[in-house]
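One letter stands for each residue in the lines below.
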Amino acid sequence: MERRALITGITGQDGSYLAALLIGKGYEVHGLVRRVALEDPEHRLTRLDSIRAQVKLHAASLESYASIHQAVSKVMPHECYHLAAQSFVSYSFDDEFSTLNANINGTHYLLAAAKNLVPKCRFYFAGSSEMFGHAGEVPQNENTHFHPRSTYGISKVAGFDLTRNYREAYKMHASSGILFNHESPRRGYEFVTRKITSGVARILSGRSKELRLGNLEAKRDWGHAREYVDAMWRMLQQDDPDDYVIATGVTHSVREFVELAFAHAGLDYRQYVAGDPDLFRPAEVNILQGDSSKARRKLGWKHEVGFEELVREMVDADCRAAGIERKGSAAR
Ligand code: G4F
């Protein structure tokens, strides 16, 4: 029997990798997108270019229960992956209200529509290591207390609690992945890793002379997004719903990322990177490091791509996109 999957946030980094994974497994893949994306496909659907003919897109707004209800009733999915969110932590300080509204209500609307229309649908919620925030222990696992440090983190805790409550109250197969930072050449330019690797390419091509960054001492557990979407799928194949930390278990500072990215391009970052106090956050998450032993044990999931390989892949991709040919850069 063909299985139907519905993905919110399908146009993003994770959504596009997940859609390709599910197509490869024989799913009929549907995506919820904003109407503007359908009207401007050249700019807004680029990550779906290679699979565009194989996905069915439906216009809906996460701010409208009616539009979500309508889309879910059309698709009647067997599996639903809720990835869409205002996901840029820094922006959540600029507009706390819209971050909370979009992220909490969007999750609630989708859960409610699934419960009303397809109660046997398996549901995935994209939780985040930002829920741990100012964590009391390192590394963090599924039992670590949440202490979010932004409205983004708070909205994800609320989404996590909603998902757990639908599981307990309505017996839905609803699971949350607590994903640590995951990157790739498809990462949005606003996030620090892509800002750095695209900045390296701009400097190499002579289009820029410096890169302005905020807190270089923050530490993150960075993995590859392509591997992390596989964990999402594995969660929904389990007999019972549950919550899982997905991480590499290794942490590096932003400074280490910068140093390696510039060095890979043959540059010394100290000559190009300038500190910008405006880019520091009002409340920072100083260190994230995940313990994904439960996912390894129960899902059989593990990461393969390490920090150095990830940084090199992102620098190489941005250099290629900028038309820079360098010796030894791996084509992918
Ligand atoms: O790349 P970031 O913006 O990612 P952040 O805040 O860790 O959040 C990402 O990962 C979460 C999972 O843990 C997701 F839930 C979330 O949606 C998102 O994908 O910032 C990483 C670190 C921060 O400590 C930040 O202060 O980099 C530091 N940083 C230093 N300079 C900067 C900059 N971040 C950005 N975006 N831009 C800078 O110029």
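In what follows, the structure referred to is the one given above.
Calculation notes
Residues numbered from 1 in each chain as written. Predicted model: local features only at pLDDT ≥ 70, side-chain atom pairs only at ≥ 80, totals over all residues. Heavy atoms only, no water. Pairing = 2+ DSSP bridges. Helix = DSSP H or I, 4+ residues; strand = E, 2+ residues; numbered from the N terminus. Axes fitted to C-alpha atoms, helices over the stretch in contact; angles between N-to-C directions. Contact = heavy atoms within 4.5 Å. Buried < 20%, exposed > 50% of the residue type's maximum accessible area, 1.4 Å probe, protein only. Near = heavy atom within 4 Å. Polar contact = N/O pair within 3.5 Å; in protein donor to acceptor, adjacent residues only side chain to side chain. Areas by Shrake-Rupley, 256 points an atom, 1.4 Å probe, with all protein chains shown as cover. Nonpolar A, V, L, I, M, F, W, Y, C, P; charged D, E, K, R; others polar. Parallel < 35°, antiparallel > 145°, perpendicular 65-115°, else oblique. Left-handed = near helix turned anticlockwise from the far one by under 90°. Salt bridge = Lys/Arg side-chain N within 4 Å of Asp/Glu carboxyl O. Core = buried A, V, L, I, M, F, W, Y, C linked by side-chain atoms within 4.5 Å. Expected span 1.5 Å × (residues − 1).

**Side note on the sheet that holds strand 2 (residues 28-33)**
Reasoning step 1: Taken in spatial order, the 7 strands of this open sheet run 3-2-1-4-5-6-11, and their pairing is parallel. If you trace the sheet from one side to the other, it starts and ends with strand 3 (55-59) and strand 11 (243-246), each paired once. The average undirected angle you get between the axes of adjacent strands in this sheet is 20°.
Reasoning step 2: With 5 bridges joining them, strand 1 (residues 4-8) and strand 2 adopt parallel strand pairing. Note on strand 2: the bridge partner recorded for Ile-7 is Gly-31.
Reasoning step 3: Its contacts with the sheet put helix 1 (residues 13-24) on strand 1, strand 2, strand 3 and strand 4 (79-82), and the angle it makes with strand 1 is roughly 175°.

**A word on unusual backbone geometry**
Reasoning step 1: Here Val-138 and Pro-139 are connected by a cis peptide whose omega angle stands at 0°.
Reasoning step 2: One can find Pro-139 in the loop between strand 5 (122-128) and helix 7 (151-170).
Reasoning step 3: Although it is not a glycine, Met-76 adopts a positive phi angle of roughly 50°.
Reasoning step 4: The topology assignment puts Met-76 in the loop between helix 4 (65-75) and strand 4.
Reasoning step 5: Positioned with a positive phi, Lys-171 is a non-glycine residue whose angle comes to about 60°.
Reasoning step 6: Structurally, Lys-171 can be placed in the loop between helix 7 and strand 6 (174-179).
Reasoning step 7: Lys-171 gets classed as exposed once you look at its relative accessible area, which sits at 67%.

**Some points on the site of the ligand**
Reasoning step 1: The environment of the ligand is made up of 24 residues, and the closest members are Ser-87, Ser-128, Ser-129, Arg-281 and Glu-284.
Reasoning step 2: Between the ligand and the protein, one listed contact pairs an oxygen atom with a side-chain N or O atom of Asn-181 at 2.7 Å.
Reasoning step 3: At 2.6 Å from an oxygen atom of the ligand is found a side-chain nitrogen or oxygen belonging to Glu-284.
Reasoning step 4: When the ligand sits alone it has 720 Å² of accessible area, and the protein chains cover 96% of it.
Reasoning step 5: Split into classes, the residues belonging to the shell around the ligand amount to 11 nonpolar, 6 polar and 7 charged.

**As for the packing of helix 10 (residues 254-264) against helix 12 (residues 307-321)**
Reasoning step 1: Between helix 10 and helix 12, the shortest axis-to-axis distance is 9 Å and the interhelical angle comes to 55°. With respect to helix 12, the element helix 10 is oriented oblique. Between helix 10 and helix 12 lies a crossing whose hand is right-handed. Listed contacts from helix 12 to Glu-256, Phe-257, Leu-260, Ala-261 and His-264 of helix 10 are Phe-307, Glu-308, Val-311, Arg-312, Met-314, Val-315 and Asp-316.
Reasoning step 2: Its residues assigned to classes, the contact of helix 10 with helix 12 shows 7 nonpolar, 1 polar and 4 charged.

**Considering the pattern of salt bridges**
Reasoning step 1: Counted according to the given criterion, the structure contains 19 salt bridges.
Reasoning step 2: For Asp-40, the salt bridge identified is with Arg-44, shortest N-O distance 3.6 Å.
Reasoning step 3: The class of Asp-40 is partly exposed, set by a relative accessible area of 22%.
Reasoning step 4: Beyond isolated ion pairs, a larger network of salt bridges with shared partners links Glu-130, Arg-220 and Glu-284.

**Description of the nonpolar core**
Reasoning step 1: Residues Ile-7, Ile-10, Leu-22, Val-29, Tyr-81, Tyr-124 and Ile-246 are the most contacted members of the largest nonpolar core, which totals 35 residues.
Reasoning step 2: At 8 residues, helix 9 (residues 225-236) tops the list of elements feeding residues into this core.
Reasoning step 3: If you look at the next biggest cluster of nonpolar residues, it comprises 32 residues, including Leu-32, Ile-68, Leu-110 and Ala-174.

**Some details on helix 12**
Reasoning step 1: Helix length check: helix 12, at 15 residues, gives a terminal C-alpha distance of 21 Å against a target of 21 Å (1.5 Å per residue), a fit within 8%.
Reasoning step 2: Within helix 12, burial applies to Phe-307, Leu-310, Val-311, Glu-313, Met-314, Val-315, Asp-316, Ala-317, Asp-318 and Cys-319.
Reasoning step 3: Contacts made by the buried residues of helix 12 are with strand 7 (182-183), helix 8 (192-204), strand 10 (223-224), helix 9, strand 12 (252-253) and helix 10.
Reasoning step 4: Once helix 12 finishes, Gly-323 follows within two positions and takes phi at roughly 80°, a positive value.

**Re the environment of Gly-214**
Reasoning step 1: Within the secondary structure layout, Gly-214 lies in the loop between strand 8 (211-213) and strand 9 (219-220).
Reasoning step 2: Take Gly-214: its relative accessible area is 16%, and that puts it in the buried class.
Reasoning step 3: Residues within four places of Gly-214 in sequence aside, it is in contact with Asp-276, Leu-279 and Phe-280.

**Brief notes about the packing of helix 4 against helix 6 (residues 96-117)**
Reasoning step 1: In the contact formed by helix 4 and helix 6, the axes pass within 9 Å of each other and the chain directions differ by 40°. Taken together, the axes of helix 4 and helix 6 are oblique relative to one another. Pair helix 4 / helix 6 crosses with right-handed handedness. Two secondary-structure elements touch here, helix 4 through Tyr-65, Ile-68, His-69, Val-72 and Ser-73 and helix 6 through Gly-106, Tyr-109, Leu-110, Ala-112, Ala-113, Asn-116 and Leu-117.
Reasoning step 2: Here the residues of the contact of helix 4 with helix 6 are counted per class, giving 8 nonpolar, 4 polar and no charged.

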